[in-house]
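Structural characterization, general
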Amino acid sequence: MLVDGVPLVVHAVRALSSSRWVSSIVVAAPATQVDEFSVLVATLVASGPGAVEVRVVAGGVDRRASVELALNACPAAVEVVLVHDVARALAPVELVDRVAQAVLAGAPAVVPGVLLTDTVKQVDRDDVVQETPDRASLRSIQTPQGFRRDVLLRAHREADARRTPAVTDDAGMVEALGIPVVVVPGHEEAFTVTRPLDLLLAAAVLERRRIAPAAARERQ
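Residues numbered from 1 in each chain as written. Predicted model: local features only at pLDDT ≥ 70, side-chain atom pairs only at ≥ 80, totals over all residues. Heavy atoms only, no water.

1. With respect to the overall build of the protein
The helix and strand inventory of the protein stands at seven helices and eleven strands. Considered along the principal axes of its C-alpha atoms, the protein spans approximately 55 × 40 × 35 Å. Scored against the burial criterion, the 220 residues of the protein give a buried share of 40%. Of the accessible surface of the protein, which amounts to about 12500 Å², a share of 54% is contributed by carbon and sulfur atoms. For the protein, the distance from the average position of its 23 positive side-chain charges to the average position of its 27 negative side-chain charges is 3 Å. (Helix = DSSP H or I, 4+ residues; strand = E, 2+ residues; numbered from the N terminus. Buried < 20%, exposed > 50% of the residue type's maximum accessible area, 1.4 Å probe, protein only. Areas by Shrake-Rupley, 256 points an atom, 1.4 Å probe, with all protein chains shown as cover. Lys, Arg positive; Asp, Glu negative; His and termini not counted. Charge placed at Lys NZ, Arg CZ, Asp CG, Glu CD.)

2. With respect to the packing of helix α3 (residues 63-72) against helix α5 (residues 149-162)
Relative to each other, α3 and α5 sit at 135 degrees, their axes nearing to 11 Å. Judged on the interaxial angle alone, α5 and α3 are oblique. The handedness of the crossing between α3 and α5 comes out as left-handed. Contacts from Arg-64, Val-67, Glu-68, Leu-71 and Asn-72 in α3 reach Arg-149, Leu-152, Leu-153, His-156, Ala-159 and Asp-160 in α5. Here the contact of α3 with α5 is built from residues that sort into five nonpolar, two polar and four charged. (Axes fitted to C-alpha atoms, helices over the stretch in contact; angles between N-to-C directions. Parallel < 35°, antiparallel > 145°, perpendicular 65-115°, else oblique. Left-handed = near helix turned anticlockwise from the far one by under 90°. Contact = heavy atoms within 4.5 Å. Nonpolar A, V, L, I, M, F, W, Y, C, P; charged D, E, K, R; others polar.)

3. Concerning unusual backbone geometry
At the junction of Thr-143 and Pro-144, the peptide bond is cis and its omega measures out at 10 degrees in the coordinates. Tracing the backbone shows Pro-144 in the loop between β9 (139-141) and β10 (145-148). One non-glycine residue with positive phi stands out, namely Asp-4, at about 60 degrees. Tracing the backbone through its elements, the reader meets Asp-4 in the loop between β1 (2-3) and β2 (6-7). Even without being glycine, Asp-127 reaches a positive phi, approximately 65 degrees. Mapped onto the elements, Asp-127 comes out in the loop between β7 (122-123) and β8 (129-131).

4. Examining the pairing of strand β6 (residues 109-115)
Burial within β6 is extensive, with five of its seven residues counted as buried. Taken together, the two bridges between β6 and β10 define a ladder with antiparallel strand orientation. Looking at the pairing, Val-110 lines up with Gly-146 of β10. As defined by bridge partners, β6 adjoins strand β11 (residues 182-185) across four bridges and the pair is classed as parallel. Residue pairing in the sheet places Val-111 in a bridge with Val-183 of β11. By the bridge criterion, three bridges tie β6 to β9 in an arrangement that is antiparallel. Paired with Val-114 across the strands is Ser-140, a residue of β9. (Pairing = 2+ DSSP bridges.)

Here it is as structure tokens:
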């Protein structure tokens, strides 16, 4: 999917590679598109500073399997990993830094979260409201999520052993181990690009980013 004429995966890799804490990136691509993604990544690396190693591996049958395959492809020396969704490709570098720094400071698992602005209802299978949770204690969770590598590896091994159904959140597997997950402030630009309206919003965000530096220079 293109935003401003650039594939989402390229936007995502650019954001990660801009962080001073990121030294290596592994992209889990659809198994039938590894070559295509490799070309995109190679072009990006060739046009960048070259400080970050980027490689592409074939993903698995679902999100969890893809994360595990990418995790296994990380360099052996890596002790802290970030798991990022390409759909949140516009997550700014300051959010990447915030999550990485929290893990490096000692947290075993870290997720960025934003306050909810909508009222949330818990319903049963018949769509009858059962409860209205206090939204002050709720967060909408984003990516990248950060982990000590040994913690995330253990979570995936346990999920394999339990044959855990498809999951949408790596932090949930860590929670199942009884390991605390710390929430840090998220960012409004780390939204998922999944619908046509999201594409318009993403294009507007990129335009605002282009305008902001020019406006700052004019004020100087």
